[in-house]
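Architecture at a glance
So the chains spell out like this:
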Amino acid sequence: MSRPRWPARLAAGALLLGCALAMGGEGEAAAGESSAQRLYRKGVHCMEEIERSACAIEHFEALLAEDTRERALINDAILRLVKLYRKEGRDEELRAVLRRFWEAGGRRQRTGHLPYSARFLPADLDMIGHVDIQAALAAPLTRRLPPELPEIMTTCDEIRREALGDGLLVRRAQRRAARDGTTTAEALKAIEAEEAARRERYRERSAQREAKSGRPQRAPVFAESLCAAALALGMDSTATWTRAAFAAAHADPRRSAAIVMIPGLAARLREGVEAGRLRAIDARRYAIVGHTYEGGEVELGSFDLDELTLAPAALMPELVAAIDGGKPTINKEVQKLIAQSPKDVAFIAATTGAALRELGLGEAKGSRRRILEALLPRPEGLQIAGAAHEYLGFFLRMPTDNPVKVQMLVDLATRLLAAEEDPEDAEFLRGLDLAQAGDRRALLISYVIGPAQLEEMILQ
């Protein structure tokens, strides 16, 4: 699968007249429809049915002005406005709505982003993310993707995953064959060769990074053990899980953990023990039978209702001690960044400034590193939010203490993106926007993509 490439053109323009005419054929309001739902429906109608950008912008802007808790509609309105402003060339409005995404979540500290036990994660686990699994699966966008994809991402049946992957591979080959005028077999052979070469390049880069940085390039425990946990619980899929938090230490990803919400967890743990798939360590801890990570056992902990904690056996005693002590140990910088993020989105993540600097400049040495540090703004952390409704958007916010360097970086990057000459790169980069936060204390980056473009990226 081709890797999406980043950055884009920002635009400028004006509202068109005739929105009143544009409302024809939009259908009757649904019974019990709220004002926010009505504005959203009309905006979508203007954007997709009659293709009147000005009319769509008017309704989505009105929706953002509504006092509503229907955050899914707000999120998608923001995603659509980014696309519409870019199309119309309205650079200032585009930057304003990008800022609005973060300001809506950052006006006050909010709690409840993460499962309860996440507050007891060790402080060195300085990269933390959270996925609302059900929100992502229920998004209208998901239903418009290749049907194999959601199941590939959630199944723990290896035979089923391989079959789905083969089906998706054939669809990719058929599309490429039609595009290039070759046979499906020829296209399939070319794709497999490309994937093999890509995997080899990844292995080589990982080995080089490990040699230069001295940090282990290992997959965190949740990348290798979530399906083992599901199978031990008698489940062949994670599709019914509701939420999941993931955490890892940037200096050593082997120090990592996951906390997932699973309805009816207590009964599944009992069944796992009775079936011999789990070994009870005590009333709250279990080891997965027949599965190891980095040479040691993987444990599951049940410390709150329907909440499963997964961690290497070497890390679990730290979590248990923190929980029993009752004093939060989560990295405070990351916790603050997450608390300032929008709550009702499919995905959020955060990491510290120190981790970001080390990961970003870890391979740069001596004078090269000093030059980069002098030119680039010093990050104080990184926040990422992913919103999915009918469009998909990723929003990054990098707080920094140097607004002048942020503006220089935005200006330079915008010029470089506008000068991109490769048509394929330019197509991918068109979805990217950069801006400076309203208080000038952060760099904002967004990437918004629609279902047709996303499907093209997956199947090309």
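The shown structure was predicted, so the numbers you read here are calculated from the model rather than taken from an experiment. (Residues numbered from 1 in each chain as written. Predicted model: local features only at pLDDT ≥ 70, side-chain atom pairs only at ≥ 80, totals over all residues. Heavy atoms only, no water.)

**Looking at the overall build of the protein chain**
Along the protein chain, the regular secondary structure elements total 19 helices and 12 strands. Counting all 460 residues of the protein chain, 47% fall into the buried class. Entry remark: accessible area of the protein chain is about 22400 Å², with carbon and sulfur atoms responsible for 54%. (Helix = DSSP H or I, 4+ residues; strand = E, 2+ residues; numbered from the N terminus. Buried < 20%, exposed > 50% of the residue type's maximum accessible area, 1.4 Å probe, protein only. Areas by Shrake-Rupley, 256 points an atom, 1.4 Å probe, with all protein chains shown as cover.)

**Observations concerning the environment of Lys42**
In this structure, Lys42 sits in helix H2 (residues 35-49). Each C-alpha atom, one on Lys42 and one on Phe60, is 8.6 Å from the other, the two residues being 18 residues apart in sequence.

**Quick look at helix H11 (residues 221-232)**
Here H11 is 12 residues long and its end C-alpha atoms lie 16 Å apart, about the 16 Å a rise of 1.5 Å per residue gives. Those residues of H11 that fall on the buried side of the exposure criterion are Val221, Phe222, Ser225, Leu226, Ala228, Ala229, Ala230 and Ala232. A positive backbone phi angle near 80 degrees is found at Gly234, which sits one or two residues after H11. (Expected span 1.5 Å × (residues − 1).)

**Description of the packing of aromatic side chains**
For the structure on display, the rule yields three aromatic pairs. An angle of 55 degrees between the planes, with centres 6.2 Å apart, marks the rings of Tyr40 and Phe60 as tilted. Linking Tyr40 in helix H2 with Phe60 in helix H3 (residues 53-64), this pair joins segments that are 20 residues apart in sequence. Exposure class is identical for Tyr40 and Phe60. Each is buried. For the pair Tyr116 and Phe120, a centre-to-centre distance of 5.7 Å together with 70 degrees between the ring planes defines the contact as edge-to-face. Residue class for Phe120 comes out buried when judged on its relative accessible area of 2%. (Phe/Tyr/Trp six-rings, centres within 6.5 Å; stacked < 30°, edge-to-face > 60°.)

**Focus on the nonpolar core**
Phe60, Leu63, Leu121, Ile128 and Phe395 are the most contacted members of the largest nonpolar core, which has 61 residues in total. Top contributing element to this core by residue count: helix H4 (residues 71-88), with nine residues. Leaving out residues up to four positions away in the same chain, Phe395 has contacts with Ile78, Leu79, Leu98, Phe101, Trp102, Gln383, Ile384, Ala385, Ile445, Ser446 and Val448. Ala230, Ala232, Val260 and Leu310 belong to the second-largest nonpolar core, a separate cluster that totals 27 residues. (Core = buried A, V, L, I, M, F, W, Y, C linked by side-chain atoms within 4.5 Å. Contact = heavy atoms within 4.5 Å.)

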